[in-house]
Amino acid sequence: MVKKKRVLFGGLTALLGLTLAACGSGETADSSATDTAVLTDSETAWDKIEEAGVLKAATSGTLYPNSYHDKETDELTGYEVEILREIAEHIGVEVEFTEMGVDGMLTSVNSGAVDVAAFGIDRNGENADKYNYTTPYKYSFGAMVVRESDNSGIETLEDLKGKIAAGAATTTYMKVARYFGAEEKIYDNATNDMYLSDVANGRTDVILNDYYAQKLATAALPDIPVKVHDIFYNPSETNFSIKKGNDELTEKFNEALDEMRADGTLAELSKQFYDGADVTVQIEYDFPVIDVSDVE
């Protein structure tokens, strides 16, 4: 169902943000991973982390500006990565990153191979009851990249019918494309230039994803004749995902995020990685909200 909803977001600055569909994979976790010890009845996930002095975090390593490798140093960095480093410092442990794709993240959180995933699960989606959620560290809304010359023939969301949409199968963005009858082109760990070039040359027609991410993507690759369309939809918030029932760890994360929000650390990191934009505050915007809870 498509409906109108006013979402209060706070203030919007001139924004740029780069990362495309959440489908990167570096080291993909084995779905049968069992490298964590079985907890006793009285031991919590936080007890184990505190004892080891290490927080195990899953991140993509391929999605600029949230999680990527610096071109000069090859060091893993990005908005989400640096937030996790700050949180680890707040709670008094080291953070150990494992790079993997979205599906690997979810499997690894569930198996206990990692303690937290830098990937926001839709609280109203099919996985809503499977995870604990931290407070949000990013607010945004959906957008789409199309060909610069003709908007890929898309002037409304309904025009997605029959178009070829590029992305990852399990994302909410692809579910929106599916809802409107788009054909799917699934990519695995593709680079941003590949995504954009395929739209430009007609191999695909559209990429549905995060507004800030797509603004920075197109700005970073100006020679590829694509653009962010002025069709927006679905407000979103991004949070860290933790295994269901790991309440003490979730509380530790929320306390750290609250402190970082209050002292300006979150806003500073946002502006550093989003070209001056503060994605930690909400803006006021009217756009369609597409219910994809029943879309498989």
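Preceding this paragraph is the structure being described.
Residues numbered from 1 in each chain as written. Predicted model: local features only at pLDDT ≥ 70, side-chain atom pairs only at ≥ 80, totals over all residues. Heavy atoms only, no water.

**Q** Tell me what's going on with the pattern of salt bridges, and back it up with residues and numbers.
**A** Across all of its chains, the model carries 8 salt bridges by this definition. Of the charged contacts in the structure, one is a salt bridge between Arg147 and Asp150, with a shortest N-O distance of 3.6 Å. Between Arg147 and Asp205 there is a salt bridge, and its shortest N-O distance comes to 3.0 Å. Highlighted residues: Arg147 in strand 8 (residues 138-147) and Asp205 in the loop between helix 5 (192-200) and strand 11 (206-210), separated in sequence by 58 residues. Pair check on accessibility: Arg147 and Asp205 agree, each one buried. The network of salt bridges with shared partners includes Glu75, Glu82 and Arg85. (Salt bridge = Lys/Arg side-chain N within 4 Å of Asp/Glu carboxyl O. Helix = DSSP H or I, 4+ residues; strand = E, 2+ residues; numbered from the N terminus. Buried < 20%, exposed > 50% of the residue type's maximum accessible area, 1.4 Å probe, protein only.)

**Q** Just give me the short version of the sheet that holds strand 2 (residues 54-59), but keep the residues and values in it.
**A** What the 5 strands build is an open sheet, ordered 5-2-6-14-7; its pairing is mixed. Taken across any chain shown, the strands that pair with only one partner, and hence form the sheet edges, are strand 5 (94-99) and strand 7 (131-133). Here 2 bridges tie strand 6 (residues 116-117) to strand 14 (residues 241-243), and the two strands are oriented antiparallel to one another. Along strand 14, the bridge assignment pairs Ala117 with Ser241. Where helix 3 (residues 102-111) meets the sheet, its contacts fall on strand 2, strand 6, strand 7 and strand 14, and the angle it forms with strand 14 comes to roughly 35 degrees. (Pairing = 2+ DSSP bridges. Contact = heavy atoms within 4.5 Å. Axes fitted to C-alpha atoms, helices over the stretch in contact; angles between N-to-C directions.)

**Q** Residues and numbers for empty space enclosed by the protein, please.
**A** For the structure on display, the rule yields 1 cavity of 30 Å³ or more. Here the largest cavity defines a volume of roughly 50 Å³. Counting only elements with at least two residues in the lining of the largest cavity, the list comes to strand 9 (164-167), helix 4 (172-179) and strand 11. A per-element tally of the lining of the largest cavity places helix 4 first, with 3 residues. Its residues placed into classes, the lining of the largest cavity shows 7 nonpolar, 3 polar and no charged. (1 Å grid on protein atoms, 1.4 Å probe; cavity = no way out; pocket = protein on both sides within 12 Å on 5 of 7 lines; lining within 4 Å. Points joined across faces, edges and corners; volume = space filled by probe spheres on them. Nonpolar A, V, L, I, M, F, W, Y, C, P; charged D, E, K, R; others polar.)

**Q** Describe the packing of aromatic side chains, listing the residues and the values that go with them.
**A** In total, this model carries 18 aromatic pairs according to the counting rule given. In this structure an aromatic cluster arises from ring pairing among Tyr79, Tyr137, Phe141, Tyr211, Tyr212, Phe232, Phe240, Phe253, Tyr274, Tyr285 and Phe287. Sitting above the plane of the Tyr187 ring, Lys185 keeps its charged end 5.9 Å from the centroid. (Phe/Tyr/Trp six-rings, centres within 6.5 Å; stacked < 30°, edge-to-face > 60°. Lys NZ or Arg CZ within 6 Å of the ring centre and 35° of its normal.)

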